[in-house]
Amino acid sequence: MKTEKTKKVPAGETIDTDLLVLGGGPGGYTAAFRAADLGLSVTLVDARDSLGGVCLNVGCIPSKALLHAARSLEEARALAELGIEFSEPRIRLDRLRSWKEALVAKLGGGLAGLARRRKVRVLTGRGEFIGPHRLAVADGPDVNFKQAIVAVGSQPVRLPGLPDDPRIMDSSAALALKSVPGRLLVVGGGIIGMELATVYAALGSRVTVVELTDGLLPGCDRDLVQPLQERVAARYEAILSGTRLVSAQAREDGVHVVLEGPRASGSQVYDAVLVAVGRRPNGAGIGAERAGLKVDERGFIAVDASQRTHVPHIFAIGDVVGEPMLAHKAAYEGKVAAEVAAGRKSANDAKVIPAVAYTDPEVAWVGLTETAARRDGVAFESASFPWAASGRALSLGRGEGLTKILVDPHTHALLGVGMVGPQAGDLIAEAALAIEMGAEPGDIALTIHPHPTLSETLAFAAEAYEGTLTELYLNGKKR
Ligand code: NAD
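Conventions adopted
- Residue numbers run consecutively from 1 along every chain, following the written order of its sequence.
- Where local features are concerned, this predicted model is filtered to residues with pLDDT of at least 70; where side-chain atom pairs are given and counted, the filter is 80 or more; whole-chain, interface and lining totals use all residues.
- Side-chain numbers come from the whole structure's heavy atoms, not from hydrogens or water.
- When at least one non-hydrogen atom of a residue lies within 4 Å of a molecule or strand, that residue is treated as near it.
- In protein, a polar contact requires one atom able to donate a hydrogen and another able to accept it; more generally it is a pair of N or O atoms within 3.5 Å, and residues adjacent in sequence count only if both atoms are side-chain atoms.
- Only the protein chains shown count as cover for residues, with accessible areas throughout obtained via the Shrake-Rupley method and a probe of 1.4 Å.
- By definition, any uninterrupted DSSP run of H or I lasting at least four residues is a helix, any uninterrupted run of E lasting at least two residues is a strand, and each is numbered from the N terminus.
- Computed over the protein atoms alone on a 1 Å grid, cavities are sets of points where a 1.4 Å probe fits but cannot get out and pockets are open sets with protein on both sides within 12 Å along at least five of seven lines; a residue lines them when it has an atom within 4 Å of a point.
- Grid points are joined across faces, edges and corners, and a volume is the space filled by probe spheres set on the points.
- For this scheme, ten residues count as nonpolar: Ala, Val, Leu, Ile, Met, Phe, Trp, Tyr, Cys and Pro. Four count as charged, namely Asp, Glu, Lys and Arg, and the remainder, Gly too, count as polar.
- Burial classes follow relative accessibility: with a 1.4 Å probe on protein chains only, a residue under 20% of its type's maximum area counts as buried, one over 50% as exposed, and anything between as partly exposed.
- DSSP-based pairing: two strands are paired if at least 2 bridges between them are found.
- The convention used is that axes are lines fitted to C-alpha atoms, helices contributing only their stretch in contact, and that angles between N-to-C directions extend from 0 to 180 degrees.
- Every residue pair with non-hydrogen atoms within 4.5 Å of one another is taken to be in contact.
- Orientation is classified from the angle alone, with under 35 degrees giving roughly parallel, over 145 giving roughly antiparallel, 65 to 115 giving roughly perpendicular, and any other angle giving oblique.
- When the near helix sits turned anticlockwise from the far one by under a right angle, the crossing is termed left-handed; a clockwise turn instead gives a right-handed crossing.
- By disulfide we mean two sulfur atoms from cysteines, separated by a distance within 2.5 Å.
- UniProt positions are given in the numbering used here, feature names are shortened, and annotations may be inferred rather than shown by experiment.
- Patch membership requires over 30% relative accessible area and the absence of a salt bridge. Like charges are linked within 9 Å, and nonpolar side chains (Val, Leu, Ile, Met, Phe, Trp, Tyr) within 5 Å.
- We define a salt bridge as a side-chain nitrogen of Lys or Arg found within 4 Å of a carboxyl oxygen belonging to Asp or Glu.

**Student:** Please set out the site of the ligand residue by residue, giving values where relevant.
**Tutor:** If you check the shell around the ligand, you find 23 residues, and the closest are Ile192, Glu195, Glu211, Gly278 and Val356. A distance of 3.3 Å is found between an oxygen atom of the ligand and a backbone nitrogen or oxygen belonging to isoleucine 191. One of the backbone nitrogen or oxygen atoms of valine 356 is found 2.7 Å away from a nitrogen atom of the ligand. Coverage of the ligand by the protein chains reaches 79% of its 830 Å² of free accessible surface. If you list the elements that add at least two residues to the shell around the ligand, you get α6 (191–203) and β10 (206–211). Counting residues per element, the shell around the ligand draws most heavily on α6, at three residues.

**Student:** Before we move on, can you summarise empty space enclosed by the protein with the specific residues and values?
**Tutor:** In this structure the tally under the stated criterion is three cavities of 30 Å³ or more. For the largest cavity, the calculated volume is near 120 Å³. Mapped by element, the contributors of at least two residues to the lining of the largest cavity are α3 (60–78), α6 and α7 (222–235). The element that contributes the greatest number of residues to the lining of the largest cavity is α7, accounting for four residues. Per-class residue counts for the lining of the largest cavity are six nonpolar, one polar and five charged.

**Student:** I'd like a rundown of the environment of aspartate 349, residues and numbers included.
**Tutor:** Along the polypeptide, aspartate 349 turns up in the loop between α8 (327–341) and β18 (355–357). On the basis of relative accessibility, which here comes to 60%, the residue aspartate 349 falls in the exposed class. Spatially, the C-alpha atoms of aspartate 349 and valine 336 are 9.6 Å apart, while their sequence positions differ by 13 residues.

**Student:** Now, about the sheet that holds strand β12 (residues 244–251): what can you tell me, with residues and values included?
**Tutor:** With respect to topology, three strands assemble into an open sheet ordered β12-β13-β14, the strand pairing being antiparallel. A strand with exactly one partner marks an edge of an open sheet, and here the two such strands are β12 and β14 (267–270). Neighbour to neighbour, the strand axes of the sheet diverge by 30° on average, direction disregarded. By the bridge criterion, four bridges tie strand β13 (residues 254–260) to β14 in an arrangement that is antiparallel. Looking at β14, one finds that valine 255 is bridged to tyrosine 270.

**Student:** So what's going on with the sheet that holds strand β11 (residues 238–241)? Residues and values would help.
**Tutor:** Here five strands make up an open sheet; going across it, the order is β8-β15-β9-β10-β11 and the pairing parallel. The sheet terminates laterally at β8 (168–169) and β11, the two strands that pair on one side only. As paired elements, β10 and β11 share four bridges and run parallel to each other. Its bridge partner lying in β11, glutamate 211 is registered against serine 241. Packing of α6 onto the sheet brings it into contact with β9 (183–187), β10 and β15 (272–275), and relative to β10 it is tilted by some 170°.

**Student:** Which residues make up unusual backbone geometry, and what are the values?
**Tutor:** Of the consecutive residues glutamate 323 and proline 324, the connecting peptide bond is found in the cis state with omega at -10°. Summarising the element assignment, proline 324 is placed in the loop between β17 (314–316) and α8. With an omega dihedral of 5°, the bond running from aspartate 360 to proline 361 counts as a cis peptide bond. One can find proline 361 in the loop between β18 and β19 (363–367).

**Student:** Break down the pairing of β13 for me, citing the residues and quoting the values.
**Tutor:** Taken across its seven residues, β13 has five buried, putting it largely inside the fold. Between β12 and β13, which pair antiparallel in sequence order, lie two residues. In sequence, β13 turns back onto β14 through a hairpin of six residues, with glycine 266 there showing a positive phi of about 65°.

**Student:** Got a sec to walk through the packing of α3 against α6? Specific residues and values, please.
**Tutor:** At a minimum axis distance of 9 Å, the contact between α3 and α6 shows a crossing angle of 45°. With respect to each other, α3 and α6 are oriented oblique. Like other packed secondary-structure pairs, α3 and α6 cross with a definite hand, here left-handed. Taking contact as the criterion, the partners of Ser63, Lys64, Leu66, Leu67, Ala70, Leu73, Glu74 and Arg77 in α3 are, on α6, Glu195, Thr198, Val199, Ala202 and Leu203.

**Student:** Requested: an account of the state of the cysteines, with residues and values cited.
**Tutor:** Per the counting criterion, the structure on display carries one disulfide. Disulfide partner of cysteine 55: cysteine 60, at an S-S distance of 2.4 Å. Note on the cysteine 55 and cysteine 60 pair: the S-S dihedral is about -135°, so by sign convention the disulfide is left-handed. Given the relative accessible area of 15%, cysteine 55 is considered buried. For cysteine 60, a relative accessible area of 28% translates into the label partly exposed. Cysteine cysteine 220 is unpaired, with the sulfur of cysteine 60 as its nearest cysteine sulfur at 18 Å. We classify cysteine 220 as buried; its relative accessible area is 2%.

**Student:** Hey, could you go over the layout of surface pockets for me, with residue numbers and the actual values?
**Tutor:** Space inside the second largest pocket adds up to approximately 750 Å³. Where the lining of the second largest pocket is concerned, the elements lending two or more residues are α3 and α7. Per-element accounting of the lining of the second largest pocket gives the leading share, seven residues, to α3. In terms of residue class, the lining of the second largest pocket is built from eight nonpolar, six polar and eleven charged.

**Student:** Before we move on, could you go through the UniProt feature "domain: Pyridine nucleotide-disulphide oxidoreductase dimerisation" (unreviewed entry) in the protein chain and cite the residues and values that matter?
**Tutor:** In this numbering, the UniProt entry assigns the feature "domain: Pyridine nucleotide-disulphide oxidoreductase dimerisation" (unreviewed entry) to residues 353–459. Measuring from the first to the last C-alpha atom of residues 353–459 gives 21 Å, for a span that is 32% helix and 25% strand.

**Student:** Quick rundown of a nonpolar patch on the surface? Include the residues and the values.
**Tutor:** Residues Leu82, Ile84 and Phe86 make up a contiguous nonpolar surface patch of roughly 330 Å² in combined accessible area. Note that isoleucine 84 resides in the loop between α3 and α4 (93–117). You can call isoleucine 84 partly exposed: its relative accessible area is 40%.

The following block contains the structure:
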């Protein structure tokens, strides 16, 4: 289903608008809606014929839909241990695909409705600046704007030298779910690679992951990655770290690849290859220079704390202004930019941005990580709570989780939290709020958490730090 548009404006005509938003992803549509609510006339331009950008159409949402299916399959299999046995599932891929597509269409339709109600004019077509106050829309009108917000996002990095073959996929192609390959090679053990590996492994693919660095989810603390690493090592064909893809040839019998690494040798044949080696910003190719905007050699546009570029009437938000490339960061920045454009006093003063890998188990972290603290010489104290001592985690059959807190040894402020285990992505929100509010572990420990829930693991980690934990017997300080 396509997003319904406001009235089509033919090529050759010109539209005047207070605020142009270029890009209709979570950053762009949030900015457009907020600006409209603050009284600006807004025109939102996107090349796709449905709003929501990569996140809704070929990213966060379809991947979460498929991850839900994957988790259900895994949970049904795991019930055998409890004496509940199902026969092997029959997976009707076309039904699964249609269900996912219907979900995406429903949300896209919702966004179109929200745009209509706010009288945000939505134009479909690639937009390119042709002057500091003018944008051309392919096969559409020109837009004269007083101010603009650039929210053009990012795209998958391509590995050079790979053949153009439908069996060599990026994340969008993998989410299209054309088939379930027998043997799947995932190149890149980052968030996208591991989430899609989770989906395809549950659907029946034999998965190999090759990761350039020495472990999965680089940048994340190793103790948080460990439970994920162990689970996938037991389920997947191979996890090859310190390994890179040297070449790939598409032949009739499969994709022949050569890998280079300590445990990789010779040529291997896979039915499909997923390349997920990062994303790059879309700053190039939007005629930025004609608007006077500077785009760095990587494609990023620099902004200040009000999301303003060095061209005072043009703002930029989301993936195109820098890492981390996350939808929730883009939406937050979109609100700031819209508010500043509408004359409000607003600034990007977020202390922390949570990150989640929706793998099985989920891995989530917010604020300072132990890896970053050691790298940058930041002093910290830490405490953790193993989910093996959580009744709720054990009742789910998932005692492998861990919740860890990092604390400033001088001020006792909470600096960072990491979690691994089912639902970690939802649980991390409490930690983000705690850090934003300047909470100390004592504040969390003295907050009554519902029992029995996984949310208690944060309170227990805080109690472990405080020396008041009774759920475990810890040698060390008690108060
Ligand atoms: P990433 O940077 O997270 O991971 C890419 C991985 O590929 C890294 O581990 C890197 O070491 C590895 N790599 C690079 N070149 C390689 C090579 N030649 N051979 C083998 N491995 C190689 O990138 P991603 O997973 O593609 O995700 C892109 C962006 O999208 C990230 O910013 C991520 O935060 C964001 N994203 C977030 C979510 C989420 O929040 N759940 C989901 C998807 C994507």
